[in-house]
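Examining the three-dimensional arrangement
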Amino acid sequence: MSTLQSSEACVGWKTAERFPPILIQATRWAGAMDVTPDAIPVIGPVTRLPGLYLSTGYSSHGFGIAPGTGHLLASLIDGSQPLVNPSSFAFERLGYS
Ligand SMILES: Cc1cc2nc3c(=O)[nH]c(=O)nc-3n(C[C@H](O)[C@H](O)[C@H](O)COP(=O)(O)OP(=O)(O)OC[C@H]3O[C@@H](n4cnc5c(N)ncnc54)[C@H](O)[C@@H]3O)c2cc1C
């Protein structure tokens with residue numbers, strides 16, 4: 001456990017002590033995160049599977065950028081002008097075809 005993680009757990013535990021037992025705060029978390037090899041999301045179609053669109057790989061920033069990513073994905077699906085160039089987010093850039 002790194003120093004940072006250790007001090008975060010300590011702060012979390014001290015905060016938990018101030019609440020009644022029913023509101024005990026979790027001090028540890030484990031789970032899978034969606035991270036791509038280049039840490040840039042995948043937003044758009046999978047060329048070899050027509051009709052399949054991906055929106056993933058947000059590396060723990062998916063809530064904050066959801067309005068923009070949702071808008072981009074919607075425009076790629078309905079064929080309207082995208083707000084940004086979608087090529088940076090293409091699934092195929094990762095070497096899959
Ligand atoms: C610890 C942690 C902290 C984070 N902190 C932040 C933050 O501070 N700010 C921020 O912007 N983002 C944060 N994120 C990232 C954010 O939570 C995600 O980017 C966002 O939730 C992704 O939304 P989503 O709808 O694409 O996927 P999800 O929220 O993962 O939703 C997918 C849903 O599909 C369901 N599902 C999966 N497979 C199936 C199946 N076969 N059939 C039916 N249902 C299925 C799952 O149960 C789930 O409910 C954090 C993520 C983590 C893990």
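What you see is a predicted model; the values in this text were computed from it and never measured.

**Quick notes on the site of the ligand**
In the vicinity of the ligand, the contacting residues are Trp29, Tyr58, Ser60, His61, Gly62, Phe63 and Gly64. Between the ligand and the protein, one listed contact pairs an oxygen atom with a backbone N or O atom of histidine 61 at 3.3 Å. For the ligand, whose free accessible area comes to 1000 Å², the fraction covered by protein is 31%. Its residues assigned to classes, the shell around the ligand shows three nonpolar, four polar and no charged.

**Structural notes on helix H2 (residues 66-78)**
Its 13 residues place the ends of H2 18 Å apart at the C-alpha level, agreeing with the 18 Å of an ideal helix rising 1.5 Å per residue. Every buried residue of H2 is accounted for by Thr69, Leu72, Leu73, Ser75 and Leu76. With its buried residues spanning 160° around the axis, H2 presents them on a single face. Across from the buried face of H2, at angles greater than 90 degrees, the exposed residues are Pro67 and Asp78. Buried residues in H2 make contact with strand E1 (42-45) and strand E2 (53-56).

**Concerning the environment of arginine 48**
Relative to the elements of secondary structure, arginine 48 occurs in the loop between E1 and E2. For the pair arginine 48 and serine 97, spaced 49 residues apart in the sequence, the C-alpha separation amounts to 6.8 Å.

**Focus on unusual backbone geometry**
Excluding glycine, residues mostly carry a negative phi; peptide bonds, for their part, are mostly trans. Positive phi values are uncommon outside glycine, yet alanine 39 reaches one of about 65°. Residue alanine 39 is classed as partly exposed on the basis of its relative accessible area of 48%. Phi is positive for serine 59, which is not a glycine, with a value near 50°. Considering the arrangement of structural elements, one finds serine 59 in the loop between E2 and H2.

Conventions and cut-offs
Residues numbered from 1 in each chain as written. Predicted model: local features only at pLDDT ≥ 70, side-chain atom pairs only at ≥ 80, totals over all residues. Heavy atoms only, no water. Near = heavy atom within 4 Å. Polar contact = N/O pair within 3.5 Å; in protein donor to acceptor, adjacent residues only side chain to side chain. Areas by Shrake-Rupley, 256 points an atom, 1.4 Å probe, with all protein chains shown as cover. Nonpolar A, V, L, I, M, F, W, Y, C, P; charged D, E, K, R; others polar. Helix = DSSP H or I, 4+ residues; strand = E, 2+ residues; numbered from the N terminus. Expected span 1.5 Å × (residues − 1). Buried < 20%, exposed > 50% of the residue type's maximum accessible area, 1.4 Å probe, protein only. Arc of directions from axis to C-beta. Contact = heavy atoms within 4.5 Å.

Everything listed here is a matter of coordinates, which is why it stays silent on function.
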